[in-house]
Amino acid sequence: MFRGILNFFSSGTVLNPMFLLGLGSGAFLSYRFNTDKLYSIFMWYDTYLVAIAIAFVYTFAFNQVFKGYSSTIDWSETFKRFISQSILLIASAAVSAFIFEQFVF
């Protein structure tokens with residue numbers, strides 16, 4: 001378990017902007033709303049659409065993947081990165097909201 005936690009921090013995931021945004025939004029949601037309201041917020045599809053839109057803008061504006069050492073964008077790899085950033089943002093927001101709700105606030 002300790003090796004997993006150490007690998008999580010040494011992999012750089014903690015410094016990912018989508019993870020930090022999800023952690024911050026989860027902390028805000030758990031501070032602002034109770035558990036029943038949190039469940040209903042994560043049942044709305046609008047929550048996921050906003051998270052996907054934020055990940056889309058971040059990935060295609062700031063975090064593109066280029067082919068080799070050229071200035072040509074590798075669209076398939078950039079799209080895969082967009083999907084992974086979306087999942088990371090949604091998962092970190094949901095998990096951190098419920099963890100903060102249970103243990104902190």
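Data block above holds the structure.
Predicted model, so just to flag it, every value in this text is computed and none were measured.

## Side note on the packing of helix H2 (residues 17–32) against helix H4 (residues 45–62)
Link 1 in the chain: One can describe the packing of H2 onto H4 by two numbers: an axis separation of 11 Å at closest approach and a directional angle of 155°. Classed by the angle they form, the pair H2 and H4 counts as roughly antiparallel. Like other packed secondary-structure pairs, H2 and H4 cross with a definite hand, here right-handed. Within the contact between the two elements, H2 uses Pro 17, Met 18 and Leu 21 and H4 uses Ile 54, Ala 55 and Tyr 58.
Link 2 in the chain: In terms of residue class, the contact of H2 with H4 is made up of six nonpolar, no polar and no charged.

## A closer look at the environment of Val 104
Link 1 in the chain: Here Val 104 lies in the segment after helix H5 (75–103).
Link 2 in the chain: Here the alpha-carbon distance between Val 104 and Tyr 31, two residues 73 residues apart in the chain, equals 8.8 Å.

## Observations regarding the packing of aromatic side chains
Link 1 in the chain: This model, assessed by the stated rule, comprises eight aromatic pairs.
Link 2 in the chain: Between Phe 42 and Phe 98, the ring centres sit 5.7 Å apart and the planes meet at 45°, which makes this aromatic pair tilted. With Phe 42 in the loop between helix H3 (35–41) and H4 and Phe 98 in helix H5, the pair connects residues that are 56 residues apart, well separated along the chain.
Link 3 in the chain: Taken together, a centroid distance of 4.6 Å and an interplanar angle of 45° make the contact between Phe 56 and Phe 60 tilted. Taken together, the positions of Phe 56 and Phe 60, both in helix H4 and four residues apart, correspond to about one turn of that helix.
Link 4 in the chain: One aromatic cluster in this structure is built from Phe 56, Phe 60, Trp 75, Phe 79 and Phe 82.

## Quick word on the layout of surface pockets
Link 1 in the chain: Put simply, the largest pocket is a space of about 200 Å³.
Link 2 in the chain: Around the largest pocket, the lining comprises 13 residues; the ones closest to its centre are Ser 25, Thr 47, Ala 51, Leu 89 and Ala 93.
Link 3 in the chain: Within the residue set of the lining of the largest pocket, elements represented by two or more residues are H2, H4 and H5.

## Digging into the environment of Tyr 48
Link 1 in the chain: As for its placement among the helices and strands, Tyr 48 is situated in helix H4.
Link 2 in the chain: Residues Tyr 48 and Leu 89 lie 41 residues apart in sequence; the distance between their C-alpha atoms is 9.5 Å.
Link 3 in the chain: For Tyr 48, the residues in contact, after removing those within four places along its chain, are Phe 42 and Ile 90.

## Remarks on the side chain of Ser 92
Link 1 in the chain: With respect to the secondary-structure elements, Ser 92 resides in helix H5.
Link 2 in the chain: Residue Ser 92 is classed as buried on the basis of its relative accessible area, which comes to 7%.
Link 3 in the chain: Within the structure, the side chain of Ser 92 is placed 3.2 Å from the backbone oxygen of Leu 89, a separation counted as a polar contact.
Link 4 in the chain: Each residue touching Ser 92, except ones within four places of it in the same chain, is listed here: Met 18, Phe 19, Gly 22 and Leu 23.

Rules used throughout
- Residues numbered from 1 in each chain as written.
- Predicted model: local features only at pLDDT ≥ 70, side-chain atom pairs only at ≥ 80, totals over all residues.
- Heavy atoms only, no water.
- Axes fitted to C-alpha atoms, helices over the stretch in contact; angles between N-to-C directions.
- Helix = DSSP H or I, 4+ residues; strand = E, 2+ residues; numbered from the N terminus.
- Parallel < 35°, antiparallel > 145°, perpendicular 65-115°, else oblique.
- Left-handed = near helix turned anticlockwise from the far one by under 90°.
- Contact = heavy atoms within 4.5 Å.
- Nonpolar A, V, L, I, M, F, W, Y, C, P; charged D, E, K, R; others polar.
- Phe/Tyr/Trp six-rings, centres within 6.5 Å; stacked < 30°, edge-to-face > 60°.
- 1 Å grid on protein atoms, 1.4 Å probe; cavity = no way out; pocket = protein on both sides within 12 Å on 5 of 7 lines; lining within 4 Å.
- Points joined across faces, edges and corners; volume = space filled by probe spheres on them.
- Buried < 20%, exposed > 50% of the residue type's maximum accessible area, 1.4 Å probe, protein only.
- Polar contact = N/O pair within 3.5 Å; in protein donor to acceptor, adjacent residues only side chain to side chain.

That's the geometry; what it means functionally is another story.
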